[in-house]
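Structural overview for review
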Amino acid sequence: MREMVSLSPFQAAFLRAVPRLPGPAAWGRPLHGLWCCSGQDPRRWVGNRPPASKEKPPGTETETFQMVYRFDAIRAFGYLSRLKVAQTALTVVALPPGLYWYSQGLMTFNSLCLAGGIAGFALAMLCWMSHFFRRLVGILYVNESGTMLRVAHLTFWGRRQETYCPVADVIPMTESQDRPQELFVRIQQYNGKETFYLTLRYGRILDRERFTQVFGMLDKLK
């Protein structure tokens, strides 16, 4: 039989105060906020964090939005954006140890300059890629009345974000210099707000009628 171990009041209070660590069931939880492009349900994201909405107009909570365009490869761009952020962070974090090793004579000046150049190039590439990825369209929605366009795109961290644009402010492609045959075409607004990019070559138009109501007849641009 096991012997009973008696604890002092101090030891018993200490054991009660120590929080329990999560068990194996919590270790296998998936990552949050990544793109999931399977199916047509816009709520299907890996993780349970809802997509962020920027400048959400009043009254859109009760409206029904129809998906008119989808770019399935946006999931890969989300992973790439997160990978680039992590790679840049690791490169920049490696600079202080490099400076210390140089001060101790463990690293040459040329090696230090090379590490600084790599870190600077990584930061520049991160800024350029983030500028493009944050404007790359993954999904387009239009409400039932055809007055509001909802754009699903990426954030700096590779997560999903939704931006609302009045259809009356969207410049039709028939009035722009872009052509559907190009790799990327711009979604511009008359008020000069944020510009987005979508690809008609690799994206899918799911509702051509509603898409035409917003961007004009694509046949006229050929």
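For the structure, see preceding data.
Anyway, here's the lowdown on the structure attached to this text. (Residues numbered from 1 in each chain as written. Predicted model: local features only at pLDDT ≥ 70, side-chain atom pairs only at ≥ 80, totals over all residues. Heavy atoms only, no water.)

This brings us to the overall build of the chain. Scanning the chain from terminus to terminus reveals six helices and eight strands. Of the regular secondary structure in the chain, the N- to C-terminal order runs α-α-β-β-α-α-α-β-β-β-β-β-β-α. Burial status across the chain gives 36% buried among its 222 residues. When contacts within the chain are restricted to residue pairs at least 6 apart in sequence, long-range pairs at least 24 apart make up 59% of them. As displayed, the chain offers around 14,200 Å² of accessible surface, 61% of which is attributable to carbon and sulfur atoms. (Helix = DSSP H or I, 4+ residues; strand = E, 2+ residues; numbered from the N terminus. Buried < 20%, exposed > 50% of the residue type's maximum accessible area, 1.4 Å probe, protein only. Contact = heavy atoms within 4.5 Å. Areas by Shrake-Rupley, 256 points an atom, 1.4 Å probe, with all protein chains shown as cover.)

Glancing now at helix 5 (residues 109–133). Helix length check: helix 5, at 25 residues, gives a terminal C-alpha distance of 36 Å against a target of 36 Å (1.5 Å per residue), a fit within 8%. Residues of helix 5 that are buried include every one of Leu112, Ala119, Ala122, Leu126, Met129, Ser130, Phe132 and Phe133, and no others. (Expected span 1.5 Å × (residues − 1).)

Counting across every chain of the model gives seven salt bridges. Of the charged contacts in the structure, one is a salt bridge between Asp178 and Arg186, with a shortest N-O distance of 3.1 Å. A cluster of three or more residues bridged by salt bridges with shared partners is formed by Arg70, Asp72 and Arg204. (Salt bridge = Lys/Arg side-chain N within 4 Å of Asp/Glu carboxyl O.)

Now for the packing of helix 4 (residues 95–103) against helix 5. Contact geometry of helix 4 with helix 5 gives a least axis separation of 10 Å together with a crossing angle of 170°. Classified by the angle between their axes, helix 4 and helix 5 sit roughly antiparallel to one another. Here helix 4 contributes Leu95, Gly98, Leu99 and Tyr102 to the contact with helix 5, which in turn contributes Phe109, Leu112, Ala115, Gly116 and Ala119. Per-class residue counts for the contact of helix 4 with helix 5 are seven nonpolar, two polar and no charged. (Axes fitted to C-alpha atoms, helices over the stretch in contact; angles between N-to-C directions. Parallel < 35°, antiparallel > 145°, perpendicular 65-115°, else oblique. Nonpolar A, V, L, I, M, F, W, Y, C, P; charged D, E, K, R; others polar.)

Core analysis: the largest hydrophobic core is formed by 27 residues, its most contacted members being Tyr69, Leu140, Leu149, Leu198, Phe211 and Phe215. Sorting the residues of this core by element identifies strand 2 (65–70), helix 5, strand 3 (137–143), strand 4 (148–154), strand 6 (185–187), strand 7 (196–198) and helix 6 (208–215) as the ones contributing at least two each. Leave out the neighbours within four places in its chain, and Leu149 touches Leu140, Tyr141, Val142, Thr163, Tyr164, Cys165, Val167, Val170, Val214 and Phe215. Counting seven residues, the second-largest nonpolar core is a separate cluster that includes Met67, Ile139, Tyr141 and Tyr164. (Core = buried A, V, L, I, M, F, W, Y, C linked by side-chain atoms within 4.5 Å.)

Our focus in this paragraph is the pairing of strand 4. In terms of burial, strand 4 is largely enclosed, as seven of its seven residues are buried. Going residue by residue along strand 4, you find Met148, Arg150, Ala152 and Leu154 tucked away on one face and Leu149, Val151 and His153 tucked away on the opposite face as well. Where strand 3 meets strand 4, five bridges bridge the pair, whose relative direction is antiparallel. Note that in strand 4 the partner of Ile139 across the bridge is Ala152. Counting the residues that bridge the hairpin from strand 3 to strand 4 gives four residues, and of these Gly146 lies at a positive phi of roughly 75°. (Pairing = 2+ DSSP bridges.)

Two aromatic rings are characterised by how far apart their centres lie and by the angle between their planes. Inspection of the entire model under this criterion finds 10 aromatic pairs. Judged by centre distance (6.0 Å) and plane angle (40°), the ring pair of Phe71 and Phe77 falls under tilted. We classify Phe71 as buried; its relative accessible area is 6%. Taking 6.4 Å as the distance between ring centres and 10° as the angle between the ring planes, the aromatic pair formed by Trp128 and Phe132 counts as stacked. One end of the pair is Trp128 and the other is Phe132, both in helix 5 and four residues apart, which spans about a single turn. Through a chain of ring-to-ring contacts, the aromatic side chains of Phe71, Phe77, Trp128, Phe132, Phe133, Phe184 and Tyr197 assemble into a single cluster. (Phe/Tyr/Trp six-rings, centres within 6.5 Å; stacked < 30°, edge-to-face > 60°.)

A grouping of Tyr100, Trp101 and Leu106 is seen on the molecular surface, where their side chains present a nonpolar patch of about 380 Å² in accessible area. Structurally, Leu106 can be placed in the loop between helix 4 and helix 5. (Patch = residues over 30% accessible without salt bridge, like charges linked within 9 Å, V, L, I, M, F, W, Y side chains within 5 Å.)

It is worth spelling out the environment of Asp178 at this point. Within the secondary structure, Asp178 sits in the loop between strand 5 (160–166) and strand 6. In this structure Asp178 comes out as buried when scored by relative accessible area, which is 9%. Among the polar contacts listed, one links the side chain of Asp178 to the backbone nitrogen of Arg186, at a separation of 2.9 Å. (Polar contact = N/O pair within 3.5 Å; in protein donor to acceptor, adjacent residues only side chain to side chain.)

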